[in-house]
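Spelled out from the first residue to the last, the chains are:
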Amino acid sequence: MIDQAQAVCVRSGPDVPLGDRIDVGAALLSPARDALEELVASLENGHGALACASGMAAIHAALQTALIDRPKRIVAAGALYGATLSLLNRILDPFGISTAFVDICDLDAVAQAIAGTKPGCVLMETISNPLLRVGAMDRIAELARNAGAALVVDNTFATPLLVRPLELGAHLVVHSATKYLAGHGDVLGGLIISDQEHYAPLRQMSRIYGPVLGPFESYLTMRGIKTFPLRMERQCQNACRVASWLGSNPAIERVNYTADPNHPDAETIRRLLPAGLYGAMISFELKNAGRDQVFAFMDRLKLIVRATSLGDVHSMVLYPAMSSHRDVAPKQRERLGIRDSLVRLSVGIEAADDIIADLAGALGR
Ligand SMILES: Cc1ncc(COP(=O)(O)O)c(C=O)c1O
């Protein structure tokens, strides 16, 4: 707050006309945001960072930056956060930036899509929302680079504790800081971490277009990051226990979790994720359940919060078909595997026994 006020008042005084006192460029400066950007650039081993007003603003700005001086075509993972799909289909497409969707876990299909589309940019999530698929990012980065395209990675689910995409060849990394990095459900923010090549265009674009994070949110995000590794380690440990408990429960049809040795991307996970740190997101399907049964189950939870967010210290459940992926057409949802029986669970820092007891109580009837 103080830095914004200073920025606007540097040219105040009785003899200075009102119009000259307001320096819009200066008002965009913020030492709190600078400090956050420096911090996250070092967490992701990047050249520099830009803090944005939301995760969605960060994704939009990263894509715009990646496409400067490149073909206005994107190859994107078919399985992405719902609003990201909407950004591609409903905002960028009408402006002439087309997207070819591909199964990002099928490397041959990715290679074919890149060769056929000749995109300016490839977009993927490290761990996909909500089915927790993991594409071979290092190999996709190589394919993108060889084709002259930039790789943009949404690292929100994995966080830099698990994977640092720039070290694997990505060009730009984005986060919804709203989630694990801030961690306490009190900030809406986004982050872009850039390699050296894209940093100057990113800053230039942000000066023109102004998607930046305010100083107070920057401070809150930095405060949250102080405990981020502690929280994340605990959340990963809890998630391992909760996922294996869910896997042995007869009321559960199927569990999606990255530590599962039978996960469809197990080989990539072993190569890219550190042993013991598999993330803290789980999704699972209730047996013989539709929307009403899933809602009844969620209503019976007492500790786990129903909320359209994730990465918080509290465990949270969400119904993807009606929240994170509500704008995805039912047929496409079905194709992606986001069925009406699917629940997404963000595992928090509570005692694992308490989380399991809450799930057991809600499933028991
Ligand atoms: C993977 C992922 N990326 C981006 C976002 C968007 O972030 P925000 O809500 O901060 O705009 C979300 C939000 O849930 C998300 O899950």
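Student: Please give an account of the environment of Ile-91 that cites residues and values.
Tutor: Examined against the element boundaries, Ile-91 turns out to sit in helix 6 (residues 82-92). The spatial distance from the C-alpha of Ile-91 to the C-alpha of His-60 is 9.6 Å, given a sequence separation of 31 residues. Among all residues touching Ile-91, those that are not within four sequence positions of it are His-60 and Ser-86.

Student: Describe in detail the packing of helix 5 (residues 55-67) against helix 6, supporting the description with residues and values.
Tutor: One way to put it is that helix 5 packs onto helix 6 with a least axis distance of 11 Å and a crossing angle of 50 degrees. As the angle between them shows, helix 5 and helix 6 are arranged oblique. The interaxial crossing formed by helix 5 with helix 6 has right-handed handedness. Where helix 5 approaches helix 6, its residues Met-56, Ile-59, His-60, Leu-63 and Gln-64 are matched on the opposing element by Ala-83, Thr-84, Leu-87, Leu-88, Ile-91 and Leu-92. Here the residues of the contact of helix 5 with helix 6 sort into eight nonpolar, three polar and no charged.

Student: Give me the lowdown on the nonpolar core, citing residues and values where you can.
Tutor: Leu-63, Leu-151, Ile-192, Ile-282, Phe-284, Phe-297 and Leu-359 are the most contacted members of the largest nonpolar core, which has 104 residues in total. Looking at this core element by element, the count peaks at eight residues for helix 5. Leaving out residues up to four positions away in the same chain, Ile-282 has contacts with Leu-132, Ala-239, Val-242, Ala-243, Leu-246, Val-255, Asn-256, Tyr-257, Val-343, Arg-344, Leu-345 and Val-347.

Student: Just give me the short version of the sheet that holds strand 10 (residues 305-306), but keep the residues and values in it.
Tutor: The strands that make up a sheet are held in pairs by hydrogen bonds between backbone atoms, and each pair lies either parallel or antiparallel. Taken in spatial order, the five strands make up an open sheet running 8-9-12-11-10, and their pairing is mixed. Each having just a single partner strand, strand 8 (252-256) and strand 10 make up the two edges of the open sheet. Of the strand pairs in this sheet, strand 10 and strand 11 (residues 316-318) are connected by two bridges, and their pairing is parallel. Note on strand 11: the bridge partner recorded for Arg-306 is Val-317. Taken strand by strand, helix 12 (residues 228-247) contacts strand 8, strand 9 (281-286) and strand 12 (342-346), and its axis lies near 15 degrees from that of strand 9.

Student: Provide a residue-level description of the packing of aromatic side chains, including the pertinent values.
Tutor: In the structure shown here, the tally under the stated rule is three aromatic pairs. When the ring of Phe-284 is compared with that of Phe-297, the centres are 6.1 Å apart and the planes differ by 80 degrees; the resulting orientation is edge-to-face. With Phe-284 in strand 9 and Phe-297 in helix 14 (residues 291-300), this pair connects stretches of sequence that are 13 residues apart. Residue Phe-284 shares its accessibility class with Phe-297, and that shared class is buried. With 5.2 Å between their ring centres and 85 degrees between their planes, Phe-295 and Tyr-319 make a pair best called edge-to-face. With Phe-295 in helix 14 and Tyr-319 in the loop between strand 11 and helix 15 (330-336), the pair connects residues that are 24 residues apart, well separated along the chain. Assessed through its relative accessible area of 5%, Tyr-319 is described here as buried.

Student: Residue-level account of the sheet that holds strand 2 (residues 73-77), with values.
Tutor: With mixed pairing, seven strands are arranged side by side in an open sheet as 1-7-6-5-4-2-3. Sheet topology places strand 1 (48-52) and strand 3 (98-102) at the edges, where each strand pairs with a single neighbour. Each adjacent strand pair in this sheet contributes to an overall mean axis angle of 20 degrees, direction not counted. Lying over the sheet, helix 10 (residues 196-209) contacts strand 1, strand 5 (150-154), strand 6 (172-176) and strand 7 (190-194), oriented at roughly 30 degrees with respect to strand 1.

Student: So what about the pattern of salt bridges? Which residues, and what values?
Tutor: Using the criterion set out here, one finds eleven salt bridges in the structure. Residues Arg-203 and Glu-37 are paired through a salt bridge, measuring 3.1 Å at the closest nitrogen-oxygen approach. Placement of the pair is Arg-203 in helix 10 and Glu-37 in helix 4 (residues 31-43), with a sequence separation of 166 residues. Both residues of the pair, Arg-203 and Glu-37, count as buried. Ionic pairing is found between Glu-167 and Arg-164, a salt bridge with its closest N-O pair at 3.0 Å. Each of Asp-138, Glu-267 and Arg-271 takes part in one network of salt bridges that share partners.

Student: Help me get a handle on the environment of Leu-230, residues and values and all.
Tutor: Position of Leu-230 relative to the elements: it lies in helix 12. Considering only alpha carbons, one finds Leu-230 and Ile-59, 171 residues apart in sequence, at a separation of 27 Å.

So, how was this worked out
- Residues take numbers from 1 onward in each chain, read along the sequence in its written order.
- Given that this is a predicted model, residues contribute local features only at a pLDDT of at least 70 and side-chain atom pairs are listed and counted only at 80 or more, while totals for whole chains, interfaces and linings are drawn from all residues.
- Computation of side-chain values covers all heavy atoms of the structure but excludes hydrogens and water.
- Strands here mean DSSP runs of E at least two residues long; helices mean DSSP runs of H or I at least four residues long; both are numbered from the N terminus.
- Throughout, a residue-residue contact means that at least one pair of heavy atoms, one from each residue, lies within 4.5 Å.
- A fitted line through C-alpha atoms represents every axis, and for helices the fit uses only the stretch in contact; the resulting angles, taken between N-to-C directions, go from 0 to 180 degrees.
- Small angles under 35 degrees read as roughly parallel and large ones over 145 as roughly antiparallel, with 65 to 115 read as roughly perpendicular and the rest as oblique.
- Whether a crossing is left-handed or right-handed is set by the direction in which the near helix is turned from the far one by less than a right angle, anticlockwise for left-handed and clockwise for right-handed.
- Under the grouping applied here, Gly and all other residues not named as nonpolar or charged are polar, the nonpolar ones being Ala, Val, Leu, Ile, Met, Phe, Trp, Tyr, Cys and Pro and the charged ones Asp, Glu, Lys and Arg.
- Take the buried residues of types Ala, Val, Leu, Ile, Met, Phe, Trp, Tyr and Cys, join any two whose side-chain atoms come within 4.5 Å, and each joined set is a nonpolar core.
- Three labels apply to residues, based on accessible area from a 1.4 Å probe with only protein chains included: buried if under 20% of the type maximum, exposed if over 50%, partly exposed otherwise in between.
- Here, strands pair whenever DSSP counts at least two bridges between them.
- Any two rings among Phe, Tyr and Trp, with Trp reduced to its six-membered ring, count as a pair given centres within 6.5 Å; such a pair is stacked if its planes are under 30 degrees apart, edge-to-face if over 60, and tilted if neither.
- Each reported salt bridge corresponds to a side-chain nitrogen of Lys or Arg within 4 Å of a carboxyl oxygen of Asp or Glu.

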